[in-house]
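Residue-level listing of the chains:
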Protein chains: 4
Amino acid sequence: MVSVTIWNEYIQERAEDDVDAVYPDGIHAPIRDALAAAGHEVRVATYAEPDHGLTPDVLDETEVLVYWEHRAHDHVDDAVVDRICERVYDGMGFIPLHSAHFSKPFKRLMGTPCSLDYRESAERERLWTVDTGHPIADGLDESFVLPETEMYSEPFAVPEPDRLVFVSWFEGGEVFRSGCCYRRGNGRIFYFRPGHETYPVYEEPVVHEVLDNAVRWAAPRTDAPVARDNSAVEPAE
Amino acid sequence: MVSVTIWNEYIQERAEDDVDAVYPDGIHAPIRDALAAAGHEVRVATYAEPDHGLTPDVLDETEVLVYWEHRAHDHVDDAVVDRICERVYDGMGFIPLHSAHFSKPFKRLMGTPCSLDYRESAERERLWTVDTGHPIADGLDESFVLPETEMYSEPFAVPEPDRLVFVSWFEGGEVFRSGCCYRRGNGRIFYFRPGHETYPVYEEPVVHEVLDNAVRWAAPRTDAPVARDNSAVEPAE
Amino acid sequence: MVSVTIWNEYIQERAEDDVDAVYPDGIHAPIRDALAAAGHEVRVATYAEPDHGLTPDVLDETEVLVYWEHRAHDHVDDAVVDRICERVYDGMGFIPLHSAHFSKPFKRLMGTPCSLDYRESAERERLWTVDTGHPIADGLDESFVLPETEMYSEPFAVPEPDRLVFVSWFEGGEVFRSGCCYRRGNGRIFYFRPGHETYPVYEEPVVHEVLDNAVRWAAPRTDAPVARDNSAVEPAE
Amino acid sequence: MVSVTIWNEYIQERAEDDVDAVYPDGIHAPIRDALAAAGHEVRVATYAEPDHGLTPDVLDETEVLVYWEHRAHDHVDDAVVDRICERVYDGMGFIPLHSAHFSKPFKRLMGTPCSLDYRESAERERLWTVDTGHPIADGLDESFVLPETEMYSEPFAVPEPDRLVFVSWFEGGEVFRSGCCYRRGNGRIFYFRPGHETYPVYEEPVVHEVLDNAVRWAAPRTDAPVARDNSAVEPAE
């Protein structure tokens, strides 16, 4: 059982009819329900709340942060970005979804542009597990299909992942590194590509399985502190 | 200018009409011509020669070994496999092509089964460069097409590559890590997936570009010896 | 609770007085006792048994194999080496200790010479955790000391580790990558440097902590099969 | 021949007598002379100049940026940090030295705190090459000594390096990952630990050798653009 916060900008669901039609209770709702059903303790934070929902208290209780954003990348306050990164360095897991590849916290943690090409055309995506031994792939078939997705294409401007778990095939001819593991400080990061605001990707049981596995994998493993400052020390010898 | 040996089992071209029709002078011939035209010094070694063509003298003169085999995996003498691995540890580059994924030297250097799934159906393959800054991708487009290939599918049972350069998309729905870089000892290894004995993949100019880049990248960079045995030493301090 | 087999050649303890003096019940004894006290199910296998103690039945019940050997590298039958590697590909954890760096199974899984320099002079070793977030470092101090060890020095002829957990400092002026994580197939491998047959390294509580963490980390995470052979498949699309 | 800019804050040499005594012409001077003698085209930029010396014109002409800073981390304008990172993504090499581990550009590119422990006590450092096949180690001995250095100790809060080239041993009992290679976008980054403002580390011939090798290694290899923005695309198929 992991203590999870789903952080959703929660903007398009309330402003756009076609998004509301697919996710009437917010994009976070099916993710919350799935993770709760898997036994996790789940809370939801949204941008409309103070500190965009991520007060120090909320983050202190969060073992893994699952993140959706799409429209409001530049809206997020740098102090909140700093706070998230600090928590990641201390061991909080971080799971940015889909368009959160271009979010401030993910770009900050990667140190790269994190750009890609895309196409919104409701096309079929097949995800292949290339790292069969990885805990995030536990229980999955060798490959699985999402019938209608937005395409994301390489080159994806991220650092080479520590472990590459999934690679996507798209109907239109593209591929993408769709499940990428990183460590920053003590925190485990899993970027998971699938998702869209007008395709019901987050209703897919296989996506729920991946997210459950990812939350378990990303949970903190150690209480070791990660220093922020340089310290003068006496000889160890 | 790199000193290259193309090592070809050279069996099917002489025994099977449909292979002879595509590669009448051997699969090594178009590779040899392309690398020679790119300025390299190229020799060819085949299994019919003593030591399967790889005598100590040949290997001593070889900076990069490009390798095709398909039918005779188990035919290769272990002493020759040892000899190749020793040279790789000392810095020789090694570029196994396509079905050489299941060759003795590649499996020995990887330490894994190196198995995969395949389909011979002359289907379209598009290779995407996922590591745009890699020397092996120099001068290439973001993606390029091979019109008729044999499909290879994940999971590919190799260690996580040091650098992943290309990922393939196949018409039939599969993906593959098609350009994988490794180091073993001082030697650089580049596994390149495309190729087949009855599709003219090795006549493609873009494949020649990749192989030229790969040969330059895999050439030895250092004369530092890699020890074979454990040695007792005095304190360094 | 993990099902552990400690595989010990168990030769020097019975043949050499100075080894018997330090490990009268075998080098496996303090490791067995420590892992059992940590809650694991532990059995011991030795070279004197049929199949050097690693029959298919024993390996089938083994989740993690901890391995000591020193004198009898070349004595181990290749069929047993094959059997171990197959089990690692399927997910069995493998923890070679100290001089097992030169064992057949470790060299086979690494694909490199695995050589190093050494010095037997009972000198102080300090291990530094360079990957503070790694589960194998859980609960440890930033660095810890072993008062009398055999020195191992770089360059250590292994592939670049997937994760480097510990780096050793030696009194005599050397360093060593003393905790190296690898994956081969689904199996997790942790090479741990400390240990010696005439220094009581395996009596140290901190070494017991590391081994307990390592056994937990290396336990199988998935039932996904890793194929051994290439298979022809129909289009996935 | 590589076009190199040495970027030096150039503050302590002019303000502190003990620094001036060791580097009367600036810390950049012996580095500049050594790289020029090695055949590179070298210019120097300092913080006193407009844009801290790194105008767009200067960066456009720079293939590799070598960087010393110590006192003025927070002084550097974010717009200049952005400009450096953009150039790195496009392929410029970046070689931060010693205390530049805590500089804005390095921290931005790493995405981590980059903190460490230190001790200024003129103690002996021995660097071991752990990656003997790496171009940056070309021509070096297995290990080499710097007689008087400032100690830096693990844990060093950086992402796991793509390649670890050097590990340092310190007289006082510590170790450090002293030569770390990364890629960000198309740019190659080499963090090199040795150096200090009051010990003549940059007068050491072996340090000149490393810097020459590093400059050659970090030089741009490709003109492939790295996108900054997400683009909508038509199907590739």
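Residues numbered from 1 in each chain as written. Chains lettered and ligands numbered in written order. Predicted model: local features only at pLDDT ≥ 70, side-chain atom pairs only at ≥ 80, totals over all residues. Heavy atoms only, no water.

**Considerations on the packing of helix H3 (residues 28-37) of chain D against helix H7 (residues 205-218) of chain D**
Residue and element names in this part refer to chain D. Across the interface, H3 lies against H7 with an axial gap of 10 Å and an inter-helix angle of 65°. For the element pair H3 and H7, the recorded crossing hand is right-handed. Facing Pro30, Ile31, Ala34 and Leu35 of H3, the residues of H7 in contact are His208, Leu211, Asp212 and Val215. Here the residues of the contact of H3 with H7 sort into six nonpolar, one polar and one charged. (Axes fitted to C-alpha atoms, helices over the stretch in contact; angles between N-to-C directions. Helix = DSSP H or I, 4+ residues; strand = E, 2+ residues; numbered from the N terminus. Left-handed = near helix turned anticlockwise from the far one by under 90°. Contact = heavy atoms within 4.5 Å. Nonpolar A, V, L, I, M, F, W, Y, C, P; charged D, E, K, R; others polar.)

**Considerations on the UniProt feature "domain: ThuA-like" (unreviewed entry) in chain A**
As annotated in UniProt, the feature "domain: ThuA-like" (unreviewed entry) corresponds to residues 31-218 of chain A in the numbering used here. Regarding residues 31-218 of chain A, the helix share stands at 24% and the strand share at 34%, and the terminal C-alpha atoms are separated by 16 Å. (UniProt positions renumbered as here; feature names shortened; annotations may be inferred.)

**Considering the interface of chain D and chain A**
With 36 residues of chain D at the contact, the number on the chain A side is 36 residues. With both sides pooled, the region where chain D packs onto chain A buries about 2,700 Å², and carbon together with sulfur makes up 52% of that total. When the area that chain D buries against chain A is broken down by residue, the three leading residues are Tyr118, Asn230 and Val233 of chain D, summing to 20%. For the interface between chain D and chain A, the tally reads zero salt bridges. Inspection of the region where chain D meets chain A yields 20 residue pairs in polar contact (both at pLDDT 80 or more). As paired elements, strand S10 (residues 231-232) of chain A and strand S5 (residues 117-129) of chain D share two bridges and run parallel to each other. (Buried area = accessible area lost by both parts, 1.4 Å probe. Salt bridge = Lys/Arg side-chain N within 4 Å of Asp/Glu carboxyl O. Polar contact = N/O pair within 3.5 Å; in protein donor to acceptor, adjacent residues only side chain to side chain. Pairing = 2+ DSSP bridges.)

**Some words on the relation of the copies chain D and chain A**
Once turned by 180° and shifted 0.0 Å along the axis, chain D lies on chain A with an RMSD of 0.0 Å. The superposition operator between the copies reduces to a two-fold rotation axis. Looking at the rotation axis and the C-alpha trace of chain D, the residue lying nearest is Gly111 of chain D, at 2.6 Å. Of the interface residues in chain D, 100% have counterparts in chain A that sit at the interface too, so the contact is made through matching surfaces. (Least-squares fit on C-alpha atoms with pLDDT ≥ 70 in both.)

**Brief notes about the nonpolar core**
By size, the foremost hydrophobic cluster in this structure holds 85 residues, and its most contacted members are Trp7 of chain C together with Trp7 of chain D. In this structure, Met92 of chain A together with Ala72, Val76 and Leu109 of chain B belong to the second largest nonpolar core, which totals 83 residues. (Core = buried A, V, L, I, M, F, W, Y, C linked by side-chain atoms within 4.5 Å. Buried < 20%, exposed > 50% of the residue type's maximum accessible area, 1.4 Å probe, protein only.)

**A short note on the pattern of salt bridges**
Counted under the stated rule, the structure contains 68 salt bridges over all chains. Among the ionic pairs, Arg32 of chain B bridges to Asp33 of chain B, the shortest N-O distance being 3.1 Å. Its relative accessible area of 44% is what places Asp33 of chain B among the partly exposed residues. Across the salt bridge formed by Asp90 of chain D and Arg228 of chain D, the nearest N and O atoms sit 3.0 Å from each other. Placement of Asp90 of chain D in helix H5 (residues 78-90) and of Arg228 of chain D in the loop between H7 and strand S10 (231-232) is noted, with a sequence separation of 138 residues between them. Overall, Asp90 of chain D belongs to the partly exposed group, its relative accessible area being 35%. By sharing partners, the salt bridges in this structure join Asp131 and Arg163 of chain A, Glu160 of chain B together with Asp162 and Arg183 of chain C into a single network.

**Some remarks on the environment of Val44 of chain B**
Residue and element names in this part refer to chain B. Among the secondary structure elements, Val44 is positioned in strand S2 (residues 41-46). With a relative accessible area of 27%, Val44 lands in the partly exposed category. Here Val44 is in contact with Ile6, His28, Arg32 and Glu49, once residues within four sequence places are set aside.

**Quick word on H3 of chain D**
Residue and element names in this part refer to chain D. Among the residues of H3, those classed as buried are His28, Ala29, Pro30, Ile31, Ala34 and Leu35. Considering only its buried residues, H3 is in contact with strand S1 (3-8), strand S2 (41-46), strand S3 (64-68) and H7. Positive backbone phi, approximately 100°, marks Gly39, located one or two places after H3.

**What to know about the side chain of Ser115 of chain B**
Inspection of the secondary structure puts Ser115 of chain B in the loop between helix H6 (104-110) and strand S5 (117-129). With relative accessibility at 1%, the residue Ser115 of chain B sits in the buried group. At a separation of 2.7 Å, a polar atom in the side chain of Ser115 of chain B contacts the main-chain carbonyl oxygen of Ala227 of chain C. Excluding its chain neighbours within four sequence positions, the residues that come into contact with Ser115 of chain B are Phe102, Pro155, Phe156 and Ala157 of chain B together with Ala227, Arg228, Asp229 and Asn230 of chain C.

**Topic: empty space enclosed by the protein**
All chains considered together, the criterion is met by four cavities of 30 Å³ or more. Of the voids in this model, the largest cavity is the one considered here, and its volume is about 370 Å³. Every residue lining the largest cavity is counted, 20 residues in all, and those nearest its centre are Arg163 and Trp217 of chain A together with Arg163, Arg188 and Trp217 of chain C. Elements with a minimum of two residues in the lining of the largest cavity: strand S8 (175-184) of chain A together with strand S8 (175-184) of chain C. For the lining of the largest cavity, the class distribution of residues is eight nonpolar, two polar and 10 charged. In this structure, the second largest cavity spans a volume of roughly 200 Å³. Lining the second largest cavity we find 20 residues, and of these Val130 and Thr132 of chain A together with Phe156, Ala157 and Val158 of chain B sit closest to its centre. Class assignment of the residues belonging to the lining of the second largest cavity gives a composition of nine nonpolar, five polar and six charged. (1 Å grid on protein atoms, 1.4 Å probe; cavity = no way out; pocket = protein on both sides within 12 Å on 5 of 7 lines; lining within 4 Å. Points joined across faces, edges and corners; volume = space filled by probe spheres on them.)

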